[in-house]
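Architecture at a glance
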Amino acid sequence: MAQGLPAAWHGAYQPPPCGVAECGVKGNGLLATRGIAEGEVVFTERPRVCATLSAVPHCAHCCRSTAPPLPGLPADSLQHWPSPATATCPECDECYCSEQCAAAAVRYHRVLCGGAKSLQAAVVAVPARAKDELMEYFEEEEEETEAEPLAQSPKAQAAARLRAYCGEFAGGALERCAEYPLMALKLIAMALSELRDADTTPSFEDALVGAGELAWGAYATAAGDEGPKVAMDSAVIWPLVVEATGMSTAEQAWAGGESAVQLVLGVLCANGIRITPRSPFDIFMARVRQEGNDQRRAAVRLAVGKLVKSAHEAQGDGGQGVAARPCAAGEMDELIRGLCGVSVGAVYAAHSKINHSCDFNCEVEGYHFDNCLIQVREDSRRTILSDM
């Protein structure tokens, strides 16, 4: 019997037409519970955890780009640019694209920052249940002294060093894995949050929020080892995680020490993917075209052309003002997205259950979302996996 997919939905937030079931020697996988039509969206899913190394302003929870409008765009077109961040943690200036994201981030941000209490002032329009949970946490923490701003705290310094370590992998052969240590930090912070709130002591694995629905993979570093070949040093990552989370000696023992990082990296290596959401510019241009104002559209195209030319010239000769060659259409897109778009590492519970196949029958789509949502669509060759 297939188990449901609580993190995924189908259509108007209905259960997906598939579920997790035992697939023999291959372990758990997704099985269809009914016939799926050609081109049908099988399910839409939010990530269990995501992170980005982008310097572009972005939501600290869903990683949506909150970049301001590009310079030089016509003033009368700026109403089409997506809204910037709307909630900020006063203690560390962590920005969120919505009050809902600020509320969702509390489960790990309160461990990493201690500033979740101050989010009370920013979260004003969250769903009632989430708001009640937030208020309950704030009331429990009322008697605590005000936390030191994260930007000056040892926690912040450790998180910054971990981010710098991740940056060593950006642009190289392991770029697809560059965010994994940051994602591991979030997952371990969630586990600590569960531990500190629990009446009884859960195991570290049980406390990893949502990770129980993922495929647990072996972590390997040596070239000859089986499993993901990710040369990340858990001996470097673990002390930074301990400092960034303020983990006590007893909590370190509960997590299993350095093996906790190896375990979480194994999960991420087995399941992590990279997503490139739509940039604010992509959304902006779609809205401008939809408006149907030819004069405004022409003005926007002229401004964008000047911006692309300027950026291309700066890249072509170190900023001397003379481009080495014309900018191709694909390069134009990349230049613009580099100014306001983000690339994100993420892991999804339902997606992780899709078994690898050289004759795949569905595809993942994420670009048309402005955050890390993905859709899995039947690609028309045959019904997803098998009917039940």
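The structure we're discussing is the one just above.
About the criteria used
Residues numbered from 1 in each chain as written. Predicted model: local features only at pLDDT ≥ 70, side-chain atom pairs only at ≥ 80, totals over all residues. Heavy atoms only, no water. Helix = DSSP H or I, 4+ residues; strand = E, 2+ residues; numbered from the N terminus. Contact = heavy atoms within 4.5 Å. Polar contact = N/O pair within 3.5 Å; in protein donor to acceptor, adjacent residues only side chain to side chain. 1 Å grid on protein atoms, 1.4 Å probe; cavity = no way out; pocket = protein on both sides within 12 Å on 5 of 7 lines; lining within 4 Å. Points joined across faces, edges and corners; volume = space filled by probe spheres on them. Expected span 1.5 Å × (residues − 1). Buried < 20%, exposed > 50% of the residue type's maximum accessible area, 1.4 Å probe, protein only. Axes fitted to C-alpha atoms, helices over the stretch in contact; angles between N-to-C directions. Parallel < 35°, antiparallel > 145°, perpendicular 65-115°, else oblique. Left-handed = near helix turned anticlockwise from the far one by under 90°. Pairing = 2+ DSSP bridges. Salt bridge = Lys/Arg side-chain N within 4 Å of Asp/Glu carboxyl O.

A few points about the environment of arginine 64
- Secondary-structure assignment places arginine 64 in the loop between strand E5 (49-51) and strand E6 (87-88).
- If we ignore the near neighbours within four places in the chain, the residues touching arginine 64 are Pro57, His58, Cys59, Pro82, Ser83, Pro84, Cys97, Asp370 and Asn371.
- Polar contacts involving the side chain of arginine 64 include one to the main-chain carbonyl oxygen of serine 83, which spans 3.3 Å.

As for the layout of surface pockets
- Within this model, the second largest pocket holds a volume of roughly 680 Å³.
- Every residue lining the second largest pocket is counted, 26 residues in all, and those nearest its centre are Ala60, Glu94, Ala159, Arg163 and Leu182.
- Where the lining of the second largest pocket is concerned, the elements lending two or more residues are E5, strand E7 (95-96), helix H1 (99-112), helix H3 (154-167) and helix H4 (180-197).
- In terms of residue count, the dominant contributor to the lining of the second largest pocket is H3 (five residues).

Comments concerning H3
- Across its 14 residues, H3 extends 20 Å between first and last C-alpha, which sits within 8% of the 20 Å expected from 1.5 Å per residue.
- Of all the residues in H3, the buried ones are Ala156, Ala158, Leu162, Tyr165 and Cys166.

What to know about empty space enclosed by the protein
- Here the structure, examined in full by the defined rule, presents one cavity of 30 Å³ or more.
- Space inside the largest cavity adds up to approximately 30 Å³.

Quick look at the environment of arginine 176
- Within the secondary structure, arginine 176 is located in the loop between H3 and H4.
- Through-space distance from the C-alpha of arginine 176 to that of isoleucine 275 is 9.8 Å; in sequence the pair is 99 residues apart.

Some points on the packing of H3 against helix H6 (residues 234-245)
- It is at 7 Å that the axes of H3 and H6 come closest, and there the two elements cross at 150°. Taken together, H3 and H6 sit at an angle that is classed as roughly antiparallel. When the axes of H3 and H6 are compared, the crossing they make is left-handed. Contacts from Pro154, Lys155, Ala158, Ala159, Arg161, Leu162 and Tyr165 of H3 reach H6 at Val236, Ile237, Leu240, Glu243, Ala244 and Thr245.

Quick word on the sheet that holds strand E10 (residues 362-365)
- Read from one edge to the other, the open sheet built from four strands follows the order E1-E4-E11-E10, with strand pairing classed as antiparallel. Two strands in the sheet have a free side with no partner beyond their single neighbour: strand E1 (8-9) and E10.
- Pairing geometry for strand E4 (residues 41-45) and strand E11 (residues 374-378), over four bridges, is antiparallel. Across the sheet, the residue bridging to valine 41 is arginine 377, located in E11.

Side note on the environment of alanine 158
- With respect to the helices and strands, alanine 158 occurs in helix H3.
- The spatial distance from the C-alpha of alanine 158 to the C-alpha of isoleucine 237 is 9.8 Å, given a sequence separation of 79 residues.
- Each residue touching alanine 158, except ones within four places of it in the same chain, is listed here: Leu240, Glu243 and Ala244.

Looking at the pattern of salt bridges
- For the coordinates displayed, the defined rule picks out seven salt bridges.
- Measuring nitrogen to oxygen at the nearest pair gives 3.6 Å for the salt bridge that ties aspartate 76 to arginine 296. Of this pair, aspartate 76 sits in the loop between E5 and E6 while arginine 296 sits in helix H10 (residues 294-317), placing them 220 residues apart in sequence.
- Residue classification places aspartate 76 among the partly exposed residues on the basis of a relative accessible area of 43%.
- Overall, the relative accessible area of 15% leaves arginine 296 in the buried class.
- One salt bridge in this structure joins arginine 274 and glutamate 179, with 2.6 Å as the shortest N-O distance. Of this pair, arginine 274 sits in strand E8 (residues 273-275) while glutamate 179 sits in the loop between H3 and H4; the two residues are 95 residues apart in sequence, bridging distant segments of the chain.
- If you follow the salt bridges from partner to partner, you end up with Asp76, Glu291 and Arg296 in one network.

What is shown is where atoms sit, not what they do.
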